[in-house]
Amino acid sequence: MRILVVGAGGREHALLWRLVASPLVEKLWCAPGNAGTAEIAENLPIKADDIDALVGFAVTAGIDLVVPGSEASLVAGIADLLAARGIRCCGPSAAAARLEGSKTFTKEIAAAAAIPTAAWASFDDPAAARAYLRRQTAPIVIKADGLAAGKGVVVAADMAQAEAAISDFMEAGKLGAAGARIVIEECLVGEEVSLFALCDGEQAIFLGAAQDHKRVGDGDTGPNTGGMGAYSPPPVLTPEIQEAAMARIVRPALAALARRGTPFRGILFAGLMLTETGPKLIEFNVRFGDPECQALLPRLKSDLLPALLAACDGELARFDLRWHDQAAITVALAARGYPGKPVLGGEIRGLEAAGAVPGVRIFHAGTARDQAGRLIAAGGRVLSVTATGATLRAARDAAYAAIARLDFPDGFCRHDIGWRALASNG
Ligand code: AMP
Ligand code: GLY
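Residues numbered from 1 in each chain as written. Chains lettered and ligands numbered in written order. Predicted model: local features only at pLDDT ≥ 70, side-chain atom pairs only at ≥ 80, totals over all residues. Heavy atoms only, no water.

Visitor: Break down the nonpolar core for me, citing the residues and quoting the values.
Guide: Membership of the largest hydrophobic core comes to 52 residues, with the highest contact counts inside it found for Leu4, Val66, Ile78, Leu99 and Phe264. With eight residues, helix α9 (residues 239-259) is the single largest residue contributor to this core. Membership of the second largest hydrophobic core comes to 35 residues, among which are Cys30, Leu65, Ala310 and Leu321. (Core = buried A, V, L, I, M, F, W, Y, C linked by side-chain atoms within 4.5 Å. Buried < 20%, exposed > 50% of the residue type's maximum accessible area, 1.4 Å probe, protein only. Helix = DSSP H or I, 4+ residues; strand = E, 2+ residues; numbered from the N terminus.)

Visitor: How would you summarise the site of ligand 2 if you had to cite specific residues and measurements?
Guide: Neighbouring ligand 2 are Asp212, Gly226, Phe269, Arg287, Gly289, Asp290, Pro291 and Glu292. Between ligand 2 and Arg287, the relevant distance is 3.0 Å, taken from an oxygen atom to a side-chain nitrogen or oxygen of the residue. Between ligand 2 and the protein, one listed contact pairs an oxygen atom with a backbone N or O atom of Asp290 at 3.0 Å. For ligand 2, whose accessible area on its own is 190 Å², the fraction buried by protein is 86%. Looking at the shell around ligand 2 residue by residue, the classes come out as two nonpolar, two polar and four charged. (Near = heavy atom within 4 Å. Polar contact = N/O pair within 3.5 Å; in protein donor to acceptor, adjacent residues only side chain to side chain. Areas by Shrake-Rupley, 256 points an atom, 1.4 Å probe, with all protein chains shown as cover. Nonpolar A, V, L, I, M, F, W, Y, C, P; charged D, E, K, R; others polar.)

Visitor: Help me get a handle on the pattern of salt bridges, residues and values and all.
Guide: Per the stated rule, a full pass over the model turns up 24 salt bridges. The salt bridge partner of Asp168 is Lys174, with a shortest N-O separation of 3.6 Å. On the basis of relative accessible area, Asp168 is assigned to the partly exposed category, the value being 25%. Since its relative accessible area comes to 59%, Lys174 is described here as exposed. Arg318 serves as the salt-bridge partner of Glu315, at 3.3 Å between the closest nitrogen and oxygen. Via salt bridges that share partners, Asp220, Arg414, Asp416 and Arg420 belong to a single interconnected network. (Salt bridge = Lys/Arg side-chain N within 4 Å of Asp/Glu carboxyl O.)

Visitor: Account for the sheet that holds strand β6 (residues 120-123), naming residues and giving values.
Guide: Spatially, the four strands line up as an open sheet ordered β6-β9-β7-β8, and their pairing is antiparallel. Two strands lie at the open edges of the sheet, namely β6 and β8 (153-156), each paired on one side alone. Looking at each pair of strands side by side, their axes are set apart by 20° on average, direction ignored. Inspection of the sheet shows strand β7 (residues 140-144) paired to strand β9 (residues 182-186) by five bridges, in the antiparallel sense. The partner of Val141 across the bridge, within β9, is Glu185. (Pairing = 2+ DSSP bridges. Axes fitted to C-alpha atoms, helices over the stretch in contact; angles between N-to-C directions.)

Visitor: Go over the state of the cysteines with me, naming the residues and quoting the values.
Guide: One pass over the structure, following the stated rule, counts zero disulfides. Here Cys30 stays unpaired: no disulfide links it, and the sulfur of Cys293, its closest cysteine neighbor, is 12 Å away. (Disulfide = S-S within 2.5 Å.)

Visitor: Residues and numbers for the sheet that holds strand β3 (residues 42-43), please.
Guide: With parallel pairing, five strands are arranged side by side in an open sheet as β3-β2-β1-β4-β5. Looking at which strands have only one partner, the edges of the open sheet turn out to be β3 and β5 (88-89). Pairing geometry for strand β4 (residues 65-68) and β5, over two bridges, is parallel. Across the sheet, residue Val66 finds its bridge partner in β5, namely Cys89. Each of β1 (2-7), β2 (27-32) and β4 touches helix α1 (residues 10-20); the most contacted strand, β1, lies at about 165° to it. (Contact = heavy atoms within 4.5 Å.)

Visitor: Give me the lowdown on the pairing of strand β14 (residues 229-232), citing residues and values where you can.
Guide: Going residue by residue along β14, you find Gly229 and Tyr231 tucked away on one face and Ala230 and Ser232 tucked away on the opposite face as well. Relative to strand β17 (residues 327-335), β14 runs antiparallel, the two sharing four bridges. The residue bridging Tyr231 from the neighbouring strand is Ile329, located in β17.

Visitor: Tell me about the site of ligand 1, and name the residues and values.
Guide: Looking at ligand 1, there are 15 residues lining it, with Glu185, Glu186, Leu188, Glu192 and Glu283 nearest. In this structure, Glu185 approaches ligand 1 through a side-chain N or O atom, which is 2.7 Å from a nitrogen atom. Computed on the free molecule, ligand 1 has an accessible area of 470 Å², of which 87% lies beneath the protein chains in the complex. If you list the elements that add at least two residues to the shell around ligand 1, you get β7, β8, β9 and β16 (278-285).

Visitor: Explain the side chain of Lys280 to me, and be specific about the residues and the numbers.
Guide: Take Lys280: it is sitting in strand β16. The side chain of Lys280 is buried and forms no salt bridge, while Glu186, the nearest opposite charge, is found at 4.6 Å. (Lys, Arg positive; Asp, Glu negative; His and termini not counted.)

Visitor: Would you mind going over helix α6 (residues 103-112) in detail, with residue names and values included?
Guide: Buried residues dominate α6, accounting for seven of its ten residues. Among the residues making up α6, those that are buried are Lys103, Thr104, Phe105, Thr106, Lys107, Ile109 and Ala110. For α6, the N-terminal capping position is held by Ser102, with its side-chain oxygen 3.4 Å away from the main-chain nitrogen of Thr104.

See the structure below:
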């Protein structure tokens, strides 16, 4: 099979690393890719949201399957264009991708399917939003409706912060059109888990779960990032809670989307809060998480490709994915300045030595080669240093042993990835 993966991060490198192991693969491409994906796929100079160019390439190159890593191409409608050309895409139509593109839409699906989630209301008008806010109590959550690259959620500790978020999003236009509409919702308390399901429009199978660390600094401090590290499986997700999440959240959402005539195919990412009264939905995304994917795929024993194809073809019912009985962790190595303006161009050395630590795999994120062939930082998150082990502690130790062998003066990482699980489970 000829396969195109869309994206340029650690997630896409990990997807390609799994796909290249499949005996069904003839050739892999990645658009636009990074220095790591270039080692196993042919990188294409096409941006992840340039869906016309991506589809044009897929048609001329005889691509059999497109796997979008990020939401950008999906929200723009790549699955619809590919379907019209008879090319498989492991990702939802633009209509179903609204699960990620619009928080109000997600809340409407949750309401239609009786999915447990935070109480909420949606507003286009700042005065109405303020009037509603005055009847609530802090802490309270203010969310921009549209895609805001992780900057659209304020968990307000008091009413002044909540008021400021309403002004910033709806009046000052800080997030552009994404903030013209907002959702105000109840603040949920518990541990967060990212749960993944592979969906074929009707059936959903569990595709692993992970916990990530969104804050930039040790001890979960500082600004939010795309994710500084993740581990899998999450000890807090018992088999009972996992089944409850599949039965009360994932499958009802899938059924509600199918009833609306917009069935969901692809990878559904349920952001969950494990509350005292059971798992509740925080948000849906329509793709794998980054960095969760890097911690999940090394644990997958089954060939990933037949499962992705079954999702595209509506044949997941007979599928059962098998997993290694191991823990995995991934630590993001970022360029100084991230999540603000990262220092680009810094050289990274020592990958071979780091990758030789037993159990370690290094996925590239924002990397490139300079003219002399040196590996340099080309983005905020630069490497995903991933390790598996018999226990989470063993995996953690291996990942940090690998990082100690890397020479990247312009980089930094968190030193406490997995702390919560390690504190509770020894
Ligand atoms: P999102 O951009 O929707 O992933 O939200 C970013 C983060 O905000 C989540 O990962 C949670 O940590 C937090 N968050 C979002 N909604 C809620 C909520 N209703 N209660 C508590 N925390 C929330
Ligand atoms: N790690 C969170 C995400 O991919 O959205």
